[in-house]
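Chain and residue survey
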Amino acid sequence: MIYVSTRDRSRQANAAQAVVQGISREGGLFAPLEIPSVSLAEIAAMTGMSYPERAAFILTPWLECFSGETVLRICRDAYTRFDTPAIAPVACLSGRRSVLELWHGPTLAFKDMALQLLPLLMSESARLTGETRDILILVATSGDTGKAALEGFRDRPGVKICVFYPENGVSEAQRLQMVTQEGGNVRAVAVKGNFDDAQTGVKQIFTDPARQKELAGYNAVFSSANSINLGRLLPQIAYYFSAYCDMISQGQAAIGDPFNITVPTGNFGSILAAHYAARMGLPVHRLICASNSNNVLSDFIRTGIYDRNRAFHLTTSPSMDILISSNLERLLFELADCDDSRVRELMDELKSTGRYALSDGERQKMQQLLWGGWANEDQVLSCIGDTFRQDRYLIDPHTAVAFCCADAYRRETGDGLPMLIASTASPFKFGRSVLRAIEDVPDAMDDFDCDERLSQLSGRALPDAIALLRKKPVLHTAVAEKDALWQAVLPLVKG
Ligand SMILES: *Cc1c(COP(=O)(O)O)cnc(C)c1O
């Protein structure tokens, strides 16, 4: 399979080249021109497979330059650090709702689904493309990608990784996870700015020829572990197929029955993977894109106008506090019938004015695929409390945003098809916010006390990854101005 840059179709790559590069050098993202297909008979056969086998089955046609055995081996090796053999189990709730729990990996958020696999894929890709230089991975994180990437790439030979997170924009557990990271090839840096500042800064470094040359002097090349990297996106397609198989096994749907999916969305990666799954043949009726108070996407889906000129809100779902959703560019490429000059035009407008408008035709196409909703902080809090009381089920604030939007979609459209809701983080990663939604929290309680109380209330064991955090020393204290990220990377490059 050939992937092309969304901003310049003459720049082509196979999967291995796209994974090693991370982003096309002129700033475009690698996107497919054609999508492989899966039949209902094949989906039926997948119900009898383990998660790694399902993932390998879905990934193989996207990774044509690898053998099927290699893909299966990578998938088997990737999913060994999860706390359940199901890897991504589905919980049945009242009201024909199924919850896809994507947070059973080592860092307690859905990013592990791709970032436990990406390092293996990257080594294999480097081998295949003959890349022998060191790979320097730069990551902008709204909280969860950072830790998952650090954990996935730590002490991997031939790789160094530097993560940038917004200084005041992540939860306490997220911050502690990153600043206590061990490993000889890792660095975590706080940025004086928000996630968009970090992401823009990192993209600028990637696409700056002077930086590329400087790095070549250290015998290294850039890559990315954000969902701009195709290797992040592809493993996420598999979990939607896996969830549908589980819904069938659990009697929530018969093979071929249509269903809806709600995805809590920030950088538009996970929902784009759901869209690719639908295009492969998963019988998805509608994708519901769920945003928090940073509701730039739900406005866009309703009006066709993308406008980031608005206040940036810090919410209880920090991993979705984003106003520039990178992966939307891959959807635009598709809406524009793979016209790279149209994507360039829209992205230039976004850069210069912070805004762009789709044509009527493009907007209508998008609205057939997507429904956009958003939830404010009060709605999120009541949803967490209600879900715990009604279903005895704990959800984190990101998942609660999705619950609210799934509900709103059903109310507004009357569509009662089975609903799969992606649950993206463990409630223990956001313990204080979750506990506050359930009962009064005295000021004297710290974040660990909150988690212990939640564990008591829910009967769910406190995950080791949280319990261990308490004892770990802080190893990373660097802080960078938002326009000086490169200086913060240099000690890692030189060291
Ligand atoms: C990253 C993240 C999201 C948003 O996912 P995107 O793929 O960036 O849209 C939602 N919830 C949690 C917990 C996350 O970590």
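The following refers to the structure shown. Predicted model only: the values in this text are computed from it and were never measured.

Side note on the sheet that holds strand β2 (residues 8-13)
Overall, antiparallel pairing links the three strands, which are arranged β2-β1-β3 in an open sheet. Edge positions in the sheet fall to β2 and β3 (30-32), since each of these pairs with one other strand and no more. Each strand of the sheet is rotated relative to its neighbour by a mean of 45 degrees, with strand direction disregarded. Relative to β2, strand β1 (residues 3-5) runs antiparallel, the two being bridged by three bridges.

Quick notes on the packing of aromatic side chains
Taken as a whole, this structure holds 12 aromatic pairs when the rule is applied. Judged by centre distance (4.8 Å) and plane angle (20 degrees), the ring pair of Tyr244 and Phe259 falls under stacked. You can see Tyr244 sitting in helix α11 (residues 230-249) and its partner Phe259 sitting in strand β10 (residues 259-264), a full 15 residues away along the chain. Assessed through its relative accessible area of 0%, Phe259 is described here as buried. In this arrangement the basic side chain of Arg392 is found over the ring face of Phe388, its NZ or CZ atom lying 4.5 Å from the centre.

Structural notes on the pairing of strand β15 (residues 419-423)
Successive residues of a regular strand alternate their side chains across the two faces of the sheet. In terms of burial, β15 is largely enclosed, as five of its five residues are buried. Alternating positions in β15 separate into two faces, Met419, Ile421 and Ser423 on one and Leu420 and Ala422 on the other, with burial throughout. Where strand β5 (residues 97-101) lies against β15, five bridges are found, and the strand directions are parallel. Across the sheet, residue Glu101 finds its bridge partner in β15, namely Ser423. Pairing between β10 and β15: three bridges, direction parallel. Counterpart to Ile261 in the pairing with β15 is Leu420.

Some details on the site of the ligand
Contacts to the ligand come from 15 residues, most closely from Lys111, Asp144, Gly266, Asn267 and Thr424. Gly269 is positioned such that a nitrogen or oxygen atom in its backbone is 3.2 Å from an oxygen atom of the ligand. With respect to the ligand, the side chain of Thr424 contributes an N or O atom lying 2.8 Å from a nitrogen atom. Taken by itself the ligand offers 380 Å² of open surface, and the protein chains cover 98% of this. Its residues assigned to classes, the shell around the ligand comprises five nonpolar, eight polar and two charged.

Comments concerning the environment of Gly385
Position of Gly385 among the secondary structure elements: in helix α17 (residues 377-391). For the pair formed by Gly385 and Arg436, sequence separation is 51 residues and the distance between their alpha carbons is 8.7 Å.

Quick notes on unusual backbone geometry
A positive phi angle, close to 65 degrees, is found at Ile87, a residue other than glycine. Given the relative accessible area of 3%, Ile87 is considered buried.

Focus on the packing of α17 against helix α18 (residues 397-413)
Between two packed helices, what matters for the description is the angle formed by their axes and the separation of those axes. Between α17 and α18, whose axes approach to 9 Å, the crossing angle comes to 90 degrees. With respect to each other, α17 and α18 are oriented roughly perpendicular. Counted together, Gln379, Val380, Cys383, Ile384 and Thr387 of α17 and Pro397, Ala400, Val401, Phe403 and Cys404 of α18 form the full contact between these two elements. When grouped by side-chain class, the residues that make up the contact of α17 with α18 number eight nonpolar, two polar and no charged.

Criteria and thresholds
Residues numbered from 1 in each chain as written. Predicted model: local features only at pLDDT ≥ 70, side-chain atom pairs only at ≥ 80, totals over all residues. Heavy atoms only, no water. Pairing = 2+ DSSP bridges. Helix = DSSP H or I, 4+ residues; strand = E, 2+ residues; numbered from the N terminus. Axes fitted to C-alpha atoms, helices over the stretch in contact; angles between N-to-C directions. Phe/Tyr/Trp six-rings, centres within 6.5 Å; stacked < 30°, edge-to-face > 60°. Buried < 20%, exposed > 50% of the residue type's maximum accessible area, 1.4 Å probe, protein only. Lys NZ or Arg CZ within 6 Å of the ring centre and 35° of its normal. Near = heavy atom within 4 Å. Polar contact = N/O pair within 3.5 Å; in protein donor to acceptor, adjacent residues only side chain to side chain. Areas by Shrake-Rupley, 256 points an atom, 1.4 Å probe, with all protein chains shown as cover. Nonpolar A, V, L, I, M, F, W, Y, C, P; charged D, E, K, R; others polar. Parallel < 35°, antiparallel > 145°, perpendicular 65-115°, else oblique. Contact = heavy atoms within 4.5 Å.

Don't take any of this as a statement about function, it's just geometry.
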